[in-house]
Amino acid sequence: MPKVLSIKDPGEMAEDAVDAVEAGYKQIKIKVGDKPETDVKRVEKIATAVPESVSLKADANQGWGDAKTALRALQGISDYLDVIEQPVAKENVEDLVTLRNRVDIPVMPDESVKTASDCLDLVNRGAGDIYNIKLMKTGGIGEAIRLNTVAEADNRPTQLGSMVEGGVGTAAGVHFCLAFENVIWNEMVGPFMTTANVTDLDFTVPEISVEGPGLGIEIDRDKLDELRTDCTVIGRQ
């Protein structure tokens, strides 16, 4: 799984990237979507700071808006990247098609694809090379499986992304990844970004593993009680 770098000054992000590599990460996800010129500097600084063997991904989170703006940014950084995620606004599906035809790296929709129906529409329109699936985004494993099945039927790979789930959601994601051969990447970063874990999920940078029946985890009820908040709602009848 990758280390996710939040948007900061280009130099700071390069320092964070070096720290990530030293910690054992072999893939880095770079948050972009600001001004194209600044985003280019971010990626260039990071690419220069880490070994060439480190895989770099970029996620614009819709920030570039349209294909014209995205192309301005990608012309300066595509040689460094293995994929660009959601470079345009989620409703601009035709811009995803344009970019896929104009850039040499895979285009990965995220916000544009929430359901199996969305995936079918994007597949039919030729929008996207890889699809980013998130269990929380789809509403659960069932719809995630249906979405992945649509992509798999068209020989499209997928990625299992994260919305910073805790141990339970992450364990479900691990099983999802292991169940399908076309899931080529995962970004189950939740346990590495939270301070409290109520499960016995085994995670050590940069790996996660589960073992046993069900989701392969046990709930620590004592820790769960520590995090519980009780409230009383007083309202009028």
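Structure's up top.
Description of the structure in this document. Note that this is a predicted model, so its numbers are computed, not measured. (Residues numbered from 1 in each chain as written. Predicted model: local features only at pLDDT ≥ 70, side-chain atom pairs only at ≥ 80, totals over all residues. Heavy atoms only, no water.)

Turning our attention to the side chain of E85. Assignment of secondary structure puts E85 in strand β4 (residues 83-85). Looking at E85, its side chain comes within polar contact range of the side chain of N132, at 3.0 Å. Other than its neighbours up to four places away in sequence, E85 contacts K29, A58, D59, A60, N61, M108, D110, N132, Q159 and E187. (Helix = DSSP H or I, 4+ residues; strand = E, 2+ residues; numbered from the N terminus. Polar contact = N/O pair within 3.5 Å; in protein donor to acceptor, adjacent residues only side chain to side chain. Contact = heavy atoms within 4.5 Å.)

Take the nonpolar core next. In a soluble, globular protein the nonpolar side chains are often hidden away together inside. Core analysis: the largest hydrophobic core is formed by 60 residues, its most contacted members being I28, L56, W64 and L74. Here this core gets 6 residues from one element, more than from any other, and that element is helix α3 (residues 67-77). (Core = buried A, V, L, I, M, F, W, Y, C linked by side-chain atoms within 4.5 Å. Buried < 20%, exposed > 50% of the residue type's maximum accessible area, 1.4 Å probe, protein only.)

Time to look at the pairing of strand β2 (residues 27-31). Among the 5 residues that make up β2, 5 are buried, leaving the element largely enclosed by the rest of the structure. The side-chain alternation of β2 yields two buried faces, one formed by Q27, K29 and K31 and the other by I28 and I30. Strand direction decides the pairing type here: strand β1 (residues 3-5) and β2, joined by 3 bridges, are parallel. The partner of K3 across the bridge, within β2, is I28. (Pairing = 2+ DSSP bridges.)

Scanning the entire structure with this criterion turns up 17 salt bridges. Ionic pairing is found between K8 and D16, a salt bridge with its closest N-O pair at 2.9 Å. Assessed through its relative accessible area of 22%, D16 is described here as partly exposed. Salt-bridge contacts for E187 lead to K29; the nearest nitrogen and oxygen are separated by 2.6 Å. With E187 in the loop between β8 (183-186) and α9 (190-193) and K29 in strand β2, the pair connects residues that are 158 residues apart, well separated along the chain. Considered together, E187 and K29 belong to a single accessibility category, that of buried residues. When salt bridges that share partners are traced, they join K29, K31, K57, D59, E85 and E187 into one network. (Salt bridge = Lys/Arg side-chain N within 4 Å of Asp/Glu carboxyl O.)

Relative to the helices and strands, E218 is located in the loop between β10 (207-209) and α10 (221-227). Under the relative-accessibility criterion, E218 is labelled exposed at 55%. Separated by 18 residues in sequence, E218 and D200 place their C-alpha atoms 5.7 Å apart. If sequence neighbours within four positions are ignored, E218 has contacts with V198, T199 and D200.

What follows is about a negative patch on the surface. A contiguous patch of negative charge on the surface is contributed by D9, E12, E15, D19 and E22. One can find D9 in the loop between β1 and α1 (10-23). Taking the relative accessible area as the measure of exposure, D9 reaches 44% and is therefore partly exposed. (Patch = residues over 30% accessible without salt bridge, like charges linked within 9 Å, V, L, I, M, F, W, Y side chains within 5 Å. Areas by Shrake-Rupley, 256 points an atom, 1.4 Å probe, with all protein chains shown as cover. Lys, Arg positive; Asp, Glu negative; His and termini not counted. Charge placed at Lys NZ, Arg CZ, Asp CG, Glu CD.)

Side chains of V168, I219 and L224 sit close together on the surface and give an oily, nonpolar patch of about 200 Å² of accessible area. Inspection of the secondary structure puts I219 in the loop between β10 and α10.

With an omega dihedral of -5°, the bond running from V205 to P206 counts as a cis peptide bond. Tracing the backbone shows P206 in the loop between β9 (202-204) and β10. Not every positive phi belongs to a glycine, and Q62 is a case in point at roughly 75°. With phi around 35°, Q86 is a residue other than glycine that occupies positive phi space. Inspection of the secondary structure assignment puts Q86 in the loop between β4 and α4 (93-102). On the accessibility criterion, Q86 (0% relative accessible area) is buried.

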